[in-house]
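Each chain, written out:
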Amino acid sequence: MNERDTSSQLSKLDERLRTARHARNVGEENREKNPGGISFAFRVGVELVAALVVGVGIGLLLDRWLGTEPWFLIGLFVIGSGAGIVNVYRTAASLGLTMSSSEATNKDVETPEPEGSTMNVENTAKTAPIRPNNT
Amino acid sequence: MASPLEQFEIHTIIPIQIGGADLSFTNSALWMVTATSVAIAFLALSMRRPALIPGRWQALAELSYEFIANMIRDNIGDEGRQYFPLIFSLFIFILFGNLLGLIPFSFTFTSHLAVTAALAIFVIVGVTMIGIVKHGLHYFSFFVPQGVPAVMLPLMIPIEIISYLSRPLSLSIRLFANMMAGHTMIKVFASFVFSLGAVSFGIGGLAPLAMNVALVGFEVLVAFLQAYVFTVLTCLYLNDALHLH
């Protein structure tokens, strides 16, 4: 009898713990969606610069290795900038600050496809152009 | 007056030279060992006598366990469970490094790019290997963005590769820059306490002192937040490697 008492008490405690945890989780989710301005700016800045640094670094190394002085540097600088912007877009998308992928897909569907070329078939089959959930 | 950057200097404690390489035991290494020992002691001692209704220390240990377990479940799913030890160790190591660094006269090893870059490169190489083992060569389809016209692929694939390679850099810079900026700021305001106080019989020192109290509290928050961010991003990268898009 005593044991049953304890187990019913425990299940009650379990229930209370679950509701408390749920409440806490909801609060955390809300906080996640409103990131601080400075921390968000810092995050975006780091993403932008990191890709640029990697691009320029690879460009310089390839140039030194192959002796093609400015060309790889110039090309990879441009590609690195592109990668930086892709990174920033993804960071923003992961925080829900851009058009969501479902909206993008809907828009794709609404605009009538001109012809059934292979490229368009690929486009409709593979939905959103950029993965949203990627930081 | 001491430079606010003096706290980041690395001193050799036990000089070790092996084959011309400097492998000395430094203050940075000392605090890494300290962080690891404190973390192990914390987890081992608090779970020494596990009770059904946890005491304070046990609750703290269980809280940290559940925090990471939930993070893995939310970000990776069930397949992520086997990587729990890795992610938990990463989180605890960074967290204890950040928090112990806040003790006066200690050393914050996470404020050094060498340390955070080593951690980030380890994470990225590990995640890439996990992806290749799991998906084989199919893993490299990760670099081919979906729904892009074939004409754009020669441009998009290099962009994706550079974006992938920039991950360890942004991961390490974020942690190191946050820790270094915060600690420098505390020292700068601490030097204001002295210099303003010296010219105004101590009264002028009160304002920067109050600021420093707020900054130290803020740094505790940053210590947690940056450990959390590093671990969450590791989870997201691991999720990408396990699930490909």
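In this report, we go over the structure that sits alongside the text. (Residues numbered from 1 in each chain as written. Chains lettered and ligands numbered in written order. Predicted model: local features only at pLDDT ≥ 70, side-chain atom pairs only at ≥ 80, totals over all residues. Heavy atoms only, no water.)

Turning our eyes to something else, we now look at the overall build of chain A. If you tally the helices and strands in chain A, you get 5 helices and 0 strands. Going from the N terminus to the C terminus, chain A shows its helices and strands as α-α-α-α-α. For chain A, the residues scored as buried account for 22% of the 135 residues in total. Long-range pairs, those at least 24 residues apart, make up 60% of the contacts in chain A between residues at least 6 apart in sequence. Surface summary for chain A: the accessible area is close to 9600 Å², and the carbon and sulfur share equals 62%. (Helix = DSSP H or I, 4+ residues; strand = E, 2+ residues; numbered from the N terminus. Buried < 20%, exposed > 50% of the residue type's maximum accessible area, 1.4 Å probe, protein only. Contact = heavy atoms within 4.5 Å. Areas by Shrake-Rupley, 256 points an atom, 1.4 Å probe, with all protein chains shown as cover.)

Moving on to the overall build of chain B. Along chain B, the regular secondary structure elements total 6 helices and 4 strands. With the C-alpha coordinates of chain B rotated into their principal frame, the extents come out at 70 × 55 × 45 Å. The buried share among the 245 residues of chain B stands at 42%. Nonlocal contacts in chain B, meaning residues at least 24 apart in sequence, comprise 66% of its contacts between residues at least 6 apart.

What the rule picks out here adds up to 6 salt bridges over all chains. Across the pair Arg-18 of chain A and Glu-15 of chain A runs a salt bridge whose closest N-O atoms are separated by 3.8 Å. With Arg-18 of chain A and Glu-15 of chain A both in helix α1 (residues 2–33), this residue pair falls 3 residues apart, about one helical turn. We classify Arg-18 of chain A as partly exposed; its relative accessible area is 49%. Since its relative accessible area comes to 45%, Glu-15 of chain A is described here as partly exposed. Arg-167 of chain B serves as the salt-bridge partner of Asp-240 of chain B, at 2.9 Å between the closest nitrogen and oxygen. In this pair, Asp-240 of chain B is assigned in helix α6 (residues 206–243) and Arg-167 of chain B in helix α5 (residues 153–199), connecting sequence segments 73 residues apart. Here Asp-240 of chain B matches Arg-167 of chain B in class, with each residue buried. What you see here is one network of salt bridges that share partners, running through Asp-14, Glu-15 and Arg-18 of chain A. (Salt bridge = Lys/Arg side-chain N within 4 Å of Asp/Glu carboxyl O.)

This model, assessed by the stated rule, comprises 14 aromatic pairs over all chains. Taken together, the ring pairs in this structure connect Tyr-139, Phe-140, Phe-142, Phe-143 and Tyr-164 of chain B into an aromatic cluster. (Phe/Tyr/Trp six-rings, centres within 6.5 Å; stacked < 30°, edge-to-face > 60°.)

Okay, unusual backbone geometry next. Phi is positive for Phe-105 of chain B, which is not a glycine, with a value near 70 degrees. Looking at the element boundaries, Phe-105 of chain B is found in the loop between α3 (84–100) and α4 (113–135).

This part covers the packing of α4 of chain B against α5 of chain B. Helices that pack against each other are described as a pair by the angle of their axes relative to one another and the distance between those axes. Residue and element names in this part refer to chain B. Interaxial distance between α4 and α5 falls to 8 Å at its minimum, and their mutual angle equals 145 degrees. Handedness of the α4/α5 crossing: right-handed. In contact with Leu-113, Thr-116, Ala-117, Ala-120, Ile-121, Val-123, Ile-124 and Thr-128 of α4, α5 contributes Tyr-164, Arg-167, Pro-168, Leu-171, Ser-172, Ile-173, Leu-175 and Phe-176. Partitioning the contact of α4 with α5 into residue classes produces 12 nonpolar, 3 polar and 1 charged. (Axes fitted to C-alpha atoms, helices over the stretch in contact; angles between N-to-C directions. Left-handed = near helix turned anticlockwise from the far one by under 90°. Nonpolar A, V, L, I, M, F, W, Y, C, P; charged D, E, K, R; others polar.)

With that settled, the discussion passes to the packing of helix α2 (residues 37–66) of chain A against helix α3 (residues 69–94) of chain A. Residues and elements named next belong to chain A. Viewed as axis vectors pointing N to C, α2 and α3 meet at an angle of 160 degrees, and their least axial separation amounts to 7 Å. Comparing the axis directions of α2 and α3 gives the class roughly antiparallel. Crossing hand, α2 versus α3: right-handed. Along the lines of polarity and charge, the residues of the contact of α2 with α3 split into 18 nonpolar, 8 polar and 5 charged. (Parallel < 35°, antiparallel > 145°, perpendicular 65-115°, else oblique.)

What follows concerns the nonpolar core. By size, the foremost hydrophobic cluster in this structure holds 48 residues, and its most contacted members are Ile-68, Ile-87, Phe-230 and Leu-238 of chain B. At the level of elements, α1 (27–46), α2 (56–75), α3, α4, α5 and α6 of chain B are the ones that each hand at least two residues to this core. Those residues within four positions of Ile-87 of chain B in sequence are excluded, and the remaining contacts are Ile-68, Ile-72, Ile-76, Thr-231, Thr-234, Cys-235 and Leu-238 of chain B. Judged by nonpolar contacts, the second largest core, of 8 residues, contains Val-54, Ile-79 and Val-86 of chain A together with Ile-159 of chain B. (Core = buried A, V, L, I, M, F, W, Y, C linked by side-chain atoms within 4.5 Å.)

Let us look at the interface of chain A and chain B. The accessible area lost on association of the parts is a frequent measure of interface size. Tallying the contact residues gives 31 residues for chain A and 30 residues for chain B. Across the chain A/chain B interface, buried area totals approximately 2500 Å², and carbon plus sulfur atoms make up 61% of it. Between chain A and chain B we count 2 salt bridges in total. In this structure, Glu-160 of chain B and Arg-90 of chain A form a salt bridge, with 2.7 Å as the shortest nitrogen-oxygen distance. (Buried area = accessible area lost by both parts, 1.4 Å probe.)

Looking at the secondary structure, you find Arg-90 of chain A in helix α3. The class for Arg-90 of chain A is buried, based on a relative accessible area of 4%. At a separation of 2.7 Å, a polar atom in the side chain of Arg-90 of chain A contacts the side chain of Glu-160 of chain B. (Polar contact = N/O pair within 3.5 Å; in protein donor to acceptor, adjacent residues only side chain to side chain.)

In this model α6 of chain B runs 55 Å from its N-terminal to its C-terminal C-alpha over 38 residues, within 8% of the 56 Å that 1.5 Å per residue would give. Looking one or two residues past α6 of chain B, Leu-244 of chain B carries a phi angle of roughly 45 degrees, positive in sign. (Expected span 1.5 Å × (residues − 1).)

This part takes up a nonpolar patch on the surface. A grouping of Ile-13, Ile-14, Ile-16, Ile-18, Leu-23 and Leu-30 of chain B is seen on the molecular surface, where their side chains present a nonpolar patch of about 510 Å² in accessible area. What makes Ile-14 of chain B partly exposed here is its relative accessible area of 46%. (Patch = residues over 30% accessible without salt bridge, like charges linked within 9 Å, V, L, I, M, F, W, Y side chains within 5 Å.)

This part covers the environment of Ile-58 of chain A. Its place among the elements puts Ile-58 of chain A in helix α2. Of the residues examined, Ile-58 of chain A reaches a relative accessible area of 26% and is grouped as partly exposed. The residues touching Ile-58 of chain A, leaving out its near neighbours within four places in the chain, are Leu-76 of chain A together with Leu-165 of chain B.

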